[in-house]
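The chain contents come next:
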Amino acid sequence: MGGWRDNLIDIEPYAPGEQIRVPGLIKLNTNENPFPPSPAAASAAGSFDAKSLMRYPDPDAGELVGILAAKAGVSEDMVVAGNGSDEILAFAFRAFFNSSRPVLFPDVTYSFYPVWCRLFGISYEEIPLRDDFHMYAADYERENGGVVIANPNAPTGIAEGLGFFRNLLDANPDSIVIVDEAYVDFGADSALTLIGEYDNLFVARTFSKSRSLAGLRLGFGYGHADLVVSVNAVKNSFNSYAVDSFAMAVGAEAARDDRYYRERTAELVRVRDSFTESMRGLGFIVYDSSANFVFVSHPGVDAGDMYGWLKGRDILVRWFDKPRIRDHLRITIGLAEEMDALFTAISTYMKEKNIR
Ligand code: PMP
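Treat the numbers as computed from the prediction; the structure is a model and nothing was measured.

Each value, and the rule that gives it
Residues numbered from 1 in each chain as written. Predicted model: local features only at pLDDT ≥ 70, side-chain atom pairs only at ≥ 80, totals over all residues. Heavy atoms only, no water. Helix = DSSP H or I, 4+ residues; strand = E, 2+ residues; numbered from the N terminus. Rg over C-alpha atoms; globule rule 2.2 N^0.38 Å. Buried < 20%, exposed > 50% of the residue type's maximum accessible area, 1.4 Å probe, protein only. Contact = heavy atoms within 4.5 Å. Areas by Shrake-Rupley, 256 points an atom, 1.4 Å probe, with all protein chains shown as cover. Expected span 1.5 Å × (residues − 1). Polar contact = N/O pair within 3.5 Å; in protein donor to acceptor, adjacent residues only side chain to side chain. Domains from an automatic or database assignment. Buried area = accessible area lost by both parts, 1.4 Å probe. Salt bridge = Lys/Arg side-chain N within 4 Å of Asp/Glu carboxyl O. 1 Å grid on protein atoms, 1.4 Å probe; cavity = no way out; pocket = protein on both sides within 12 Å on 5 of 7 lines; lining within 4 Å. Points joined across faces, edges and corners; volume = space filled by probe spheres on them. Nonpolar A, V, L, I, M, F, W, Y, C, P; charged D, E, K, R; others polar. Near = heavy atom within 4 Å. Sits in = over half its atoms within 2 Å of the grid points.

Draft legend 1. Representation of the overall build of the protein. Within the protein, the regular secondary structure consists of 10 helices and 12 strands. Over its C-alpha trace the protein gives a radius of gyration of 21 Å, about what one expects of a compact globule, namely 21 Å for 356 residues. Overall size of the protein, expressed as C-alpha extent along the three principal axes, is 60 × 55 × 50 Å. A burial count over the protein gives 54% of its 356 residues as buried. Look at the contacts in the protein between residues 6 or more apart in sequence, and 72% of them connect residues 24 or more apart. Total accessible area on the protein stands at roughly 16100 Å², and carbon and sulfur atoms take up 50% of it.

What follows is the structure in structure tokens.
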């Protein structure tokens, strides 16, 4: 090496799940929604006026922010929108975590958190989930420069109740607490109900999961106006136009169409719970999930081997080769027929390998 190459950033980036495009592939690896976006959103996409693209979009994403604020019953200065919740979270990390004390998050959680910390030079400490894979507020009663919790957590799918968040916020009045609610619509209680009580709480949300719009890249966050000012200052230091005109038009319709997404979510939850029961019947340990995925293990199954075996049969799930979880698979809930096909394949695997 030497020369200009010495000046390149040295960072291990976040690795998203594979986006393989094989006809007939059963893709259950990145927690996408198997249902299409709402007809209202699709119609907004179809009738989008391409001419409008010659102008820059509204830098404040005002239309969307207005709808999201009204739905949540908060003022518009408590809402910020961006290019996916990954971007909202990245901006929030940069905006909120400027103390020399470590930011706390669980050891088993969304693997983007340590990446942002390293990118922005934020020190962090991973707090082990207890053996039941739950979080306990007492574990977060230590010196810190902020706390980040995904609820439901990923990749476990386990949700904590509002009591946990109250205890966490009460114990940390001098830290900003980010709650990443990417999967909240599939069964967890939202910390949004606490937002008027705690000015140090920031809640991140996305259109990628329950609204079936992962490809649109639209995320948003709620918090005290001072938090939102700070996130916007970071946003406007990177990219004033984080939400493009097309995403704004389609996202506004998706945001209005609650009925569609609630019906699809209820169907997914039914499929999830029935898949959970079937897997338990095969001897798998399946945590009670409040998300659109389940986290499974089996005492006799090598999860990495089963992942590869399924992939060879065009069924893609997610395996993390990491401490504490390498004996688990994370399986996104797809259509009922996809879950049936997966279950049949897993049953065949168990028979072939003689696992009981
Ligand atoms: N948080 C968690 C816990 C996630 O799993 C994801 C999806 N990978 C995100 C945030 C980001 O989703 P998006 O950027 O699509 O909004």
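Draft legend 2. Geometry of helix 3 (residues 85-96). For helix 3, which comprises 12 residues, the first-to-last C-alpha distance of 16 Å matches the rise-based estimate of 16 Å (1.5 Å per residue) to within 8%. Along helix 3, 10 of the 12 residues are buried, which leaves the element largely enclosed by surrounding structure.

Draft legend 3. Layout of the side chain of asparagine 144. Relative to the assigned elements, asparagine 144 resides in the loop between strand 4 (124-127) and strand 5 (146-150). With a relative accessible area of 5%, asparagine 144 lands in the buried category. Engagement of the side chain of asparagine 144 in a polar contact is seen with the backbone oxygen of arginine 142, the distance being 2.9 Å. Ignoring anything within four residues of it in the chain, the contact list for asparagine 144 reads Arg101, Pro102, Leu104, Asn172 and Ser175.

Draft legend 4. Structural detail: the domain arrangement of the protein. Here the domain parsing of the protein yields domain 1 (13-37 + 259-352) and domain 2 (39-256). For domain 1 and domain 2, the distance between their C-alpha centroids amounts to 25 Å. Taken together, the 29 residues of domain 1 in the interface contact 33 residues of domain 2. For the pair domain 1 and domain 2, the two sides together bury roughly 2500 Å², of which 62% comes from carbon and sulfur. Of all residues in domain 1, Tyr14, Tyr261 and Arg324 give up the largest surface area on contact with domain 2, accounting jointly for 29% of the area buried on that side. Counting the contacts that link domain 1 with domain 2 gives 1 salt bridge. Note that arginine 324 and aspartate 107 form a salt bridge whose closest N and O atoms lie 2.8 Å from each other. Inspection of the region where domain 1 meets domain 2 yields 11 residue pairs in polar contact (both at pLDDT 80 or more).

Draft legend 5. Structural detail: the layout of surface pockets. Taken as a whole, the largest pocket spans an internal volume of roughly 1200 Å³. Around the largest pocket, the lining comprises 46 residues; the ones closest to its centre are Tyr14, Ala15, Tyr110, Ser111 and Arg318. Elements with a minimum of two residues in the lining of the largest pocket: helix 3, strand 3 (103-106) and helix 4 (112-120). No other element matches the 5 residues that helix 4 contributes to the lining of the largest pocket. Looking at the lining of the largest pocket residue by residue, the class counts come to 24 nonpolar, 9 polar and 13 charged. The residue makeup of the lining of the largest pocket includes at least three contributed by each of domain 1 (13-37 + 259-352) and domain 2 (39-256). Within this model, the second largest pocket holds a volume of roughly 320 Å³. In terms of lining residues, the second largest pocket is bounded by 19 residues, among which Asp185, Arg205, Arg211, Tyr222 and Tyr261 are the most central. Elements with a minimum of two residues in the lining of the second largest pocket: helix 2 (62-72), strand 7 (201-206), strand 8 (219-223) and helix 8 (258-281).

Draft legend 6. Geometry of the site of the ligand. Near the ligand you find Gly84, Ser85, Asp86, Leu89, Tyr110, Asp180, Ala182, Tyr183, Thr206, Ser208, Lys209 and Arg217, and these make up its full shell. Arginine 217 is positioned with one of its side-chain polar atoms (N or O) 2.7 Å from an oxygen atom of the ligand. For the ligand, whose free accessible area comes to 400 Å², the fraction covered by protein is 91%. The cavity where the ligand resides is the largest pocket. Examining the composition of the shell around the ligand, we find that 3 residues originate from one element, helix 3, more than from any other. Per-class residue counts for the shell around the ligand are 4 nonpolar, 4 polar and 4 charged.

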